[in-house]
Amino acid sequence: MAARKSIVLVTVDCLRADHAGFMGYARPTTPFLDSLAEESLIFSNAIVAGAPTYYSFPAIMASRPPLALGRDALGLAPGEPCLASVLKQAGYATASFSAGNPYISSQFGYEQAFDTVQHFLGDEPTRVPDDGASIASPAGWSSRLNRKVQAVRQALGPLGKVYDELYFRYCQRITPAAKSLDSLRRFPAADVIVDQAESWLASIGDSPFFLWLHLMDPHGPYYPKEAALALLGNDPVAPARARYLNSYWNRSDIGASRLARHRDEVVALYDAGISWVDVQMERLVGSLRASPRWENCIFALTADHGEEFLDHGGRYHPPAKLMEELIRVPLLLRGPGRANEEAAAPSSRLHLAPTLLAAAQLPPPAEFRGRRYWDRAASGPASAGAAISECVAGCTNPFRRQGRLGSRVLAVREARFKLILQFEPPYDRVYDLEADPGEHAPLPASAQKAARRRLLEIARDHLRRSSEGRDQRMVLRARLRDLQLEWARSFPNRQ
Ligand SMILES: [Zn+2]
C-alpha cells in the first residue's frame, strides 16, 4: 500500500497575488517560491471566498461560503466538518501554528481537530486592532489629546494642515525610542512559526501529518525583519523611520493624495514581510526535502486576502470593496507526481480543501461545497466557472455581534467580467478586467448586457442557495458558542 500523503498548508495574511514573483511581480520578493512554482500547480486567478480573514477562512478550512450560516455566525461551527477533522479521522497527526490572529482561534472554531495548537494569543484572544480596518489610534492620553487637536485643526481651516503636520511630528518625537524593528513588530515573524513547526515535525515520527501555518509578516503595521529588507536590496530602515511611516500610513485625517507621498516606502516594508516568508519557506521545505517525507508531501501556499495600497484610495483590507487587490491571491500546490501547470480560470477558494483531500486520496465530506481539481485543474469544469467573494460591509470588529449584521457585498468574478453587488446603498457595477484590469471605470449600464445579466443570475443563484441550504444544526451550534463566550466575557467570575 502506498504511503499516505502528508499536507502542509501555509496561509499568508494579506499577501496579494501581484506581489509574488511567480505571479509576475517585478521585485524579487519570492525567489524560493518562484523555484517551487516551477514544479507546482499554480492557480493564477485564485479568488478568496471573502475578505478579510474572518470571511475567508470558512472556505479554506470547511469549503463553504463565509455567510452560509448567516451573517451573525462567524467562523466554523463546533463540530463542523473541516480539513483538519477529516485528516484527523484518517489518522493524521495535526498541528496549527499561527502568528497571533484571533480570528482563526478557538473562539471561531479553527482549533478543533488539531492535536497541537500554538496561536500566540495569550489566554484570551482579543481583537487584532488593525485587521479589517485601519490601525487603531494609540490609546490613552495621546488619543484624547489627538481628538482635541482634531477639533482645533478643523477650526483652523487651511492652517490646520500645518498644525496637524507639526503635531504629528511632535508625537513621533515624544514616543519612547525603539531599539529595532524587532521590538516594534506586533506579530511573531515567520522564523518563530517555522521553528515551532520543525520541533513538532521532529516529534511525530513517521505519522502522516497535516501542518497548518498562518504567517502574519506582511500584515500591518509593517515592521519586517531587517535581513529581509537587505535581501530586497533596500537600505536599512531606522526603527523611528518605520514607526513614522506606519503612523503616517494610518492617518485618518488626510486624503489619498497626501498619503501617496510615502506609499512606496510603505510598500517596501510590506514587500520585505513577503520576502521573509519566502526565506522561511525555503528553510521549512529544505528540512522536509532532507527527509523521506518530501516524497509524500503536498505543499500548498496561499493567502486569506490581499492588501490595498491606495489602488482605490484605501489602505489595509477592510470588508467593503472586494476589488482585485483584496480578493485575488497566490495559490501554489506542489505534490508528488504533479508537473508544473497553470490553471488560469478563476478558482474559488471553496475548491482548495477538497482538492487537497483529493491529492491525499481521501474523500471529502458531503458538506464540502467545492470540487476537486487535483487531476484536472486546467481542463476541468472550473475553467468555465465563476468565483464568488463576499463580506459584510463595515464589519471591522466581528467580536461585536451587532457589527456582523450590516449589508452584504458580493463579487462575481469571471475570467473577463466581474460584478460587484452591494445591497445598502444598492449598486451593481460590472468591470471588464481585460480592458480595465485596475477596475477604474465600471461599464455603463447599457454595455455588455448579456454579461451583466449572466453575472446577476449567478449572484442570485448564490444568494438563494446560501439561504436554502443553510445547515440549521450548525447555525445553532455557532450561536450557542457565541452566547457562551459573551456570557463568559460579561461574568468572568461565574465560570
Ligand atoms: Zn487576514
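The model shown is predicted, which means the values in this text are computed figures rather than measured ones.

Enquirer: Explain the nonpolar core to me, and be specific about the residues and the numbers.
Expert: Counting residues in each nonpolar core, the largest one holds 131 residues, and the members touching the most others are Leu 9, Phe 209, Leu 211, Leu 213, Met 281 and Phe 299. When residues in this core are grouped by element, the largest group, twelve residues, is from helix H11 (residues 263-289). Sequence-distant contacts of Leu 9, defined by excluding residues within four places in its chain, comprise Ile 60, Met 61, Leu 83, Phe 210, Leu 211, Trp 212, Leu 213, Ala 300, Leu 352 and Leu 356. Grouped together as the second largest cluster of nonpolar side chains are ten residues, Ile 388, Leu 410, Leu 419 and Ala 451 included.

Enquirer: Now, about unusual backbone geometry: what can you tell me, with residues and values included?
Expert: Here Ala 51 and Pro 52 are connected by a cis peptide whose omega angle stands at 5°. When you line up the elements, Pro 52 lands in the loop between strand S3 (46-47) and helix H2 (53-62). For the bond from Gly 220 to Pro 221, the omega torsion is -5°, close enough to zero to count as cis. By the secondary structure assignment, Pro 221 is in the loop between strand S6 (209-215) and helix H8 (226-231). Residues other than glycine seldom take positive phi values, yet Ala 113 does so here, at roughly 75°. Along the chain, Ala 113 falls in the loop between strand S4 (93-98) and strand S5 (116-118). Of note, Leu 322 is a non-glycine position whose phi angle comes to about 55°, a positive value.

Enquirer: Describe the sheet that holds S3, listing the residues and the values that go with them.
Expert: In space, the three strands of this open sheet follow the order S10-S3-S13, with mixed pairing throughout. Each edge of the open sheet carries a strand with a single partner, namely strand S10 (328-329) and strand S13 (347-348). The sheet contact formed by S3 and S13 spans two bridges and is parallel. Looking across to S13, one finds that Ile 47 is bridged to Ser 348.

Enquirer: With reference to specific residues and values, describe the layout of surface pockets.
Expert: Sizing a probe to match a water molecule and rolling it over the atoms shows the empty space that remains. Quantified by volume, the second largest pocket comes out at close to 500 Å³. Taken together, 22 residues form the lining of the second largest pocket, with Leu 350, His 351, Ala 386, Ile 388 and Arg 465 sitting closest to its centre. Of all the elements, helix H14 (residues 449-468) adds the most residues to the lining of the second largest pocket, at four residues. By residue class, the composition of the lining of the second largest pocket is twelve nonpolar, six polar and four charged.

Enquirer: How would you sum up the packing of aromatic side chains? Please name residues and give values.
Expert: Applying the stated criterion across every chain yields a total of 17 aromatic pairs. Through successive ring pairs, a cluster of aromatic residues spans Tyr 54, Tyr 55, Tyr 103, Phe 108 and Phe 399. Positioned above the aromatic ring of Tyr 427, the side-chain terminus of Arg 429 is 3.8 Å from the ring centre.

The rules we used
Residues numbered from 1 in each chain as written. Predicted model: local features only at pLDDT ≥ 70, side-chain atom pairs only at ≥ 80, totals over all residues. Heavy atoms only, no water. Core = buried A, V, L, I, M, F, W, Y, C linked by side-chain atoms within 4.5 Å. Buried < 20%, exposed > 50% of the residue type's maximum accessible area, 1.4 Å probe, protein only. Helix = DSSP H or I, 4+ residues; strand = E, 2+ residues; numbered from the N terminus. Contact = heavy atoms within 4.5 Å. Pairing = 2+ DSSP bridges. 1 Å grid on protein atoms, 1.4 Å probe; cavity = no way out; pocket = protein on both sides within 12 Å on 5 of 7 lines; lining within 4 Å. Points joined across faces, edges and corners; volume = space filled by probe spheres on them. Nonpolar A, V, L, I, M, F, W, Y, C, P; charged D, E, K, R; others polar. Phe/Tyr/Trp six-rings, centres within 6.5 Å; stacked < 30°, edge-to-face > 60°. Lys NZ or Arg CZ within 6 Å of the ring centre and 35° of its normal.

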